[in-house]
Amino acid sequence: MRGRSRSLPLEEAIERSRRLLETGFAEIVLTGADLGSYGRDLGVAGALPRLIEGVLGLGGGHRVRLSSIEPHKVDGGLEDMIGSTPRLCRHLHLPLQSGSNRILRSMRRGYTRQAYAALLARVTGRGPVGIGADVIVGFPGEGDAEFEETRRFVTDLPVAFLHVFRYSSRPGTAAARVPGTVSDGAARERSEILRALGELKALAFRRSLLGATLPVVMERGRRPGGPVGMSDVYVPVALDREPETRSGILSVSIVGEDGPRLLGSPLGAAAMRLVPETPAMKPLPSLS
């Protein structure tokens, strides 16, 4: 319906970012319906890494975050930047959809579970990265065995955020013609299982960050519960006191957690060097 991907020219994207930074924003999010294909229609090689470098080069008091990108479109240049490029957020949203290769082929996803796992292993090899993943349950042909493949696969992945959706048939799509309809009851049960698993994965990731120092950008406006900012790994941080400044990137010492948030104490403006190291992710707590 939306046609082929269309890229905003590199120079225009950088100029729009510059204008946003001039109004006081400290984080630029690069987004698109097909972000991994950015620049291909313009005939520009390595366009997304070049755009990241261009936006980061507009100054030193802001950072860049990437929105959802398909795993098979994360090229080597981009992969090498995650976790090693100062002020590029250690956060990737990589749609998975299924942990079964048979279902992935039926979905025409363009990658395998092995390739997905290998990508995550490489990206997180230098330290923690907030990895988000989408999973669809109840896709036609997904039996108990295929769902169990997905559950076990996700359990072993270093993901921090899990977004679970139940398949919904749309007339006229190729998926609507795939045999093997899954009952609403089975799809609902599978969704609940994965959502519970996702909560445990998020909890384990938050606890792995205790004792770390994270770069945080403050949210605008005042909140009744006190100041809140967003860490580069995409976990919100509630501060124990008002920081000296709300501008730019702050260094925050993580001292605890409270529900979906981390608790932190502001240290001041973040030093513009390599992204701070944090401990490795701890094992998941038991589902029971």
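For the structure itself, consult the block above.
Predicted, not measured: the structure shown is a model, and the values here were computed from it. (Residues numbered from 1 in each chain as written. Predicted model: local features only at pLDDT ≥ 70, side-chain atom pairs only at ≥ 80, totals over all residues. Heavy atoms only, no water.)

Undergrad: Hey, could you run me through the overall build of the protein in this one?
TA: When helices and strands are tallied, the protein shows seven helices and 10 strands. Over its C-alpha atoms the protein spans a radius of gyration of 20 Å, differing by no more than 12% from the 19 Å that the globule rule assigns to 288 residues. Its C-alpha atoms give the protein principal-axis dimensions of about 60 × 50 × 35 Å. Within the protein, the fraction of its 288 residues that count as buried is 46%. Put simply, of all contacts in the protein between residues at least 6 apart along the chain, 73% involve residues at least 24 apart. Between the centroid of the 39 positive side chains of the protein and the centroid of its 31 negative side chains there is a distance of 2 Å. (Helix = DSSP H or I, 4+ residues; strand = E, 2+ residues; numbered from the N terminus. Rg over C-alpha atoms; globule rule 2.2 N^0.38 Å. Buried < 20%, exposed > 50% of the residue type's maximum accessible area, 1.4 Å probe, protein only. Contact = heavy atoms within 4.5 Å. Lys, Arg positive; Asp, Glu negative; His and termini not counted. Charge placed at Lys NZ, Arg CZ, Asp CG, Glu CD.)

Undergrad: Any chance you could explain the side chain of Arg190 here in plain terms?
TA: Along the polypeptide, Arg190 turns up in helix α7 (residues 184-208). In this structure Arg190 comes out as buried when scored by relative accessible area, which is 7%. Polar side-chain contacts of Arg190 include one of 3.0 Å to the side chain of Asp144. With residues up to four places along the chain from it excluded, the contact list for Arg190 reads Val137, Glu142, Gly143, Asp144, Phe147 and Val182. (Polar contact = N/O pair within 3.5 Å; in protein donor to acceptor, adjacent residues only side chain to side chain.)

Undergrad: Where do I start with the packing of helix α1 (residues 10-22) against helix α2 (residues 47-56) in this structure?
TA: Between two packed helices, both the angle of their axes relative to each other and the distance between the axes serve to describe the pair. Interaxial distance between α1 and α2 falls to 10 Å at its minimum, and their mutual angle equals 30 degrees. Between α1 and α2, the angle is such that the two are roughly parallel. As for the relative orientation of α1 and α2, their crossing is right-handed in sense. For the pair α1 and α2, the contacting residues are Leu10, Ala13, Ile14 and Ser17 in the first and Ala47, Arg50, Leu51, Gly54 and Val55 in the second. Of the residues contributing to the contact of α1 with α2, the split by class is six nonpolar, two polar and one charged. (Axes fitted to C-alpha atoms, helices over the stretch in contact; angles between N-to-C directions. Parallel < 35°, antiparallel > 145°, perpendicular 65-115°, else oblique. Left-handed = near helix turned anticlockwise from the far one by under 90°. Nonpolar A, V, L, I, M, F, W, Y, C, P; charged D, E, K, R; others polar.)

Undergrad: Could you clarify how one ought to interpret the environment of Leu162 in this entry?
TA: Within the secondary structure layout, Leu162 lies in strand β5 (residues 161-166). The spacing of Leu162 and His93 is 69 residues in sequence and 9.6 Å in space, taken between C-alpha atoms.

Undergrad: Sorry, what's going on with the sheet that holds strand β4 (residues 130-137) here?
TA: Think of a sheet as strands paired side by side through backbone hydrogen bonds, with each pair either parallel or antiparallel. Ordered by their spatial adjacency, three strands build an open sheet running β3-β4-β5, and the pairing between neighbours is parallel. At either margin of the open sheet sits one strand with a lone partner, and together these are β3 (91-93) and β5. Taken over all neighbouring pairs, the strand axes of this sheet differ in orientation by 15 degrees on average, direction set aside. Pairing analysis gives three bridges linking β3 to β4, with the strands arranged parallel. Residue pairing in the sheet places His91 in a bridge with Gly130 of β4. Seen against the sheet, α7 touches β4 and β5 and runs at an angle of roughly 170 degrees to β5. (Pairing = 2+ DSSP bridges.)

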